[in-house]
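So you can see what is in the structure, the chains are spelled out below.
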Amino acid sequence: MNRSILSGLVALAALTPSLALAQSHSHAGMSPQDHAAMQAASVANGVTTTPADNAMLATAPAAFSVTFPHAMTLTSLGLTGPAGQTVDVAVTADAPPTTTVSTALPALAPGSWSAAWAARGADGHQMNGVVRFMVH
């Protein structure tokens, strides 16, 4: 093998651990457990909504629904519209817990909306979230 190529490969091999180390420090000081928890939280704890976060809708949704990984009761739902107006949506906060909760929405004008929701489990734990969507 050509001596210059070989010395170039040796130099590259010597740098490789430094490059890998630099890339692994994006979360410097975090334990593997903390990093795993951060990744798990980014999956929204198994909660899905309709409309979905960042949905671009051709027509306004008639209902908002949330599917949970375990039975919950929706305790509040508030909408914020394109002009900053807020709309409280009536929910049945004393409904029995279920894994999918749905509630009717008022007529929504075109524009960007956010839906802030809160829910409570049968054991008293709370969950909440915000979903953003656009009506064209």
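Just so you know, these numbers come straight off a predicted model, no measurement behind them. (Residues numbered from 1 in each chain as written. Predicted model: local features only at pLDDT ≥ 70, side-chain atom pairs only at ≥ 80, totals over all residues. Heavy atoms only, no water.)

A. Layout of the overall build of the protein chain. When you go through the protein chain residue by residue, the secondary structure sums to two helices and seven strands. Within the protein chain, the proportion of its 136 residues that are buried is 26%. Of all intrachain contacts in the protein chain linking residues separated by at least 6 positions in sequence, the fraction that spans at least 24 positions is 60%. Here the protein chain has roughly 8600 Å² of accessible surface; of this, 61% comes from carbon and sulfur atoms. (Helix = DSSP H or I, 4+ residues; strand = E, 2+ residues; numbered from the N terminus. Buried < 20%, exposed > 50% of the residue type's maximum accessible area, 1.4 Å probe, protein only. Contact = heavy atoms within 4.5 Å. Areas by Shrake-Rupley, 256 points an atom, 1.4 Å probe, with all protein chains shown as cover.)

B. Structural view of the nonpolar core. Among the nonpolar cores identified, the biggest contains 22 residues, and Phe-64, Phe-68, Leu-77, Leu-79, Leu-105, Trp-117 and Phe-133 are the most heavily contacted of them. If you list the elements that add at least two residues to this core, you get β2 (55-57), β3 (63-80), β6 (111-121) and β7 (126-135). For this core, the leading source of residues is β3, giving seven residues. Leave out the neighbours within four places in its chain, and Phe-64 touches Thr-49, Thr-50, Pro-51, Leu-77, Val-101, Ser-102, Thr-103, Leu-105, Ala-115, Trp-117 and Val-131. (Core = buried A, V, L, I, M, F, W, Y, C linked by side-chain atoms within 4.5 Å.)

C. Molecular detail of the packing of aromatic side chains. Enumeration over the complete set of coordinates arrives at one aromatic pair. For the pair Phe-68 and Trp-117, a centre-to-centre distance of 5.7 Å together with 70° between the ring planes defines the contact as edge-to-face. In this pair, Phe-68 is assigned in strand β3 and Trp-117 in strand β6, connecting sequence segments 49 residues apart. Across this residue pair, the class does not change: Phe-68 and Trp-117 are buried. (Phe/Tyr/Trp six-rings, centres within 6.5 Å; stacked < 30°, edge-to-face > 60°.)

D. Spotlight on the pattern of salt bridges. A complete count under the given rule lists one salt bridge for this structure. Among the ionic pairs, Asp-53 bridges to Arg-132, the shortest N-O distance being 3.4 Å. One end of the pair, Asp-53, is in the loop between β1 (48-50) and β2; the other, Arg-132, is in strand β7, and 79 residues separate them in sequence. In this structure Asp-53 comes out as partly exposed when scored by relative accessible area, which is 39%. Assessed through its relative accessible area of 43%, Arg-132 is described here as partly exposed. (Salt bridge = Lys/Arg side-chain N within 4 Å of Asp/Glu carboxyl O.)

E. The environment of Arg-132, seen in detail. C-alpha separation for the pair Arg-132 and Met-56, spaced 76 residues apart in sequence, amounts to 9.4 Å. When neighbours within four sequence positions are excluded, Arg-132 is seen to be in contact with Ala-52, Asp-53, Asn-54, Ala-55, Trp-113 and Ser-114.

F. Expanded view of the environment of Phe-68. According to the relative accessible area criterion, Phe-68 is buried, its value standing at 4%. Sequence separation between Phe-68 and Thr-99 is 31 residues, and the spatial gap between their C-alpha atoms is 5.0 Å. Setting aside chain neighbours within four positions, we find Phe-68 in contact with Gly-46, Val-47, Thr-98, Thr-99, Val-101, Trp-117, Ala-119 and Met-127.

G. Spatial organisation of the environment of Leu-79. Tracing the chain through its elements places Leu-79 in strand β3. What makes Leu-79 buried here is its relative accessible area of 1%. If we ignore the near neighbours within four places in the chain, the residues touching Leu-79 are Gln-85, Thr-86, Val-87, Val-89, Leu-105, Pro-106, Leu-108, Trp-113, Ser-114 and Ala-115.

Function-wise, these values are silent; they only describe arrangement.
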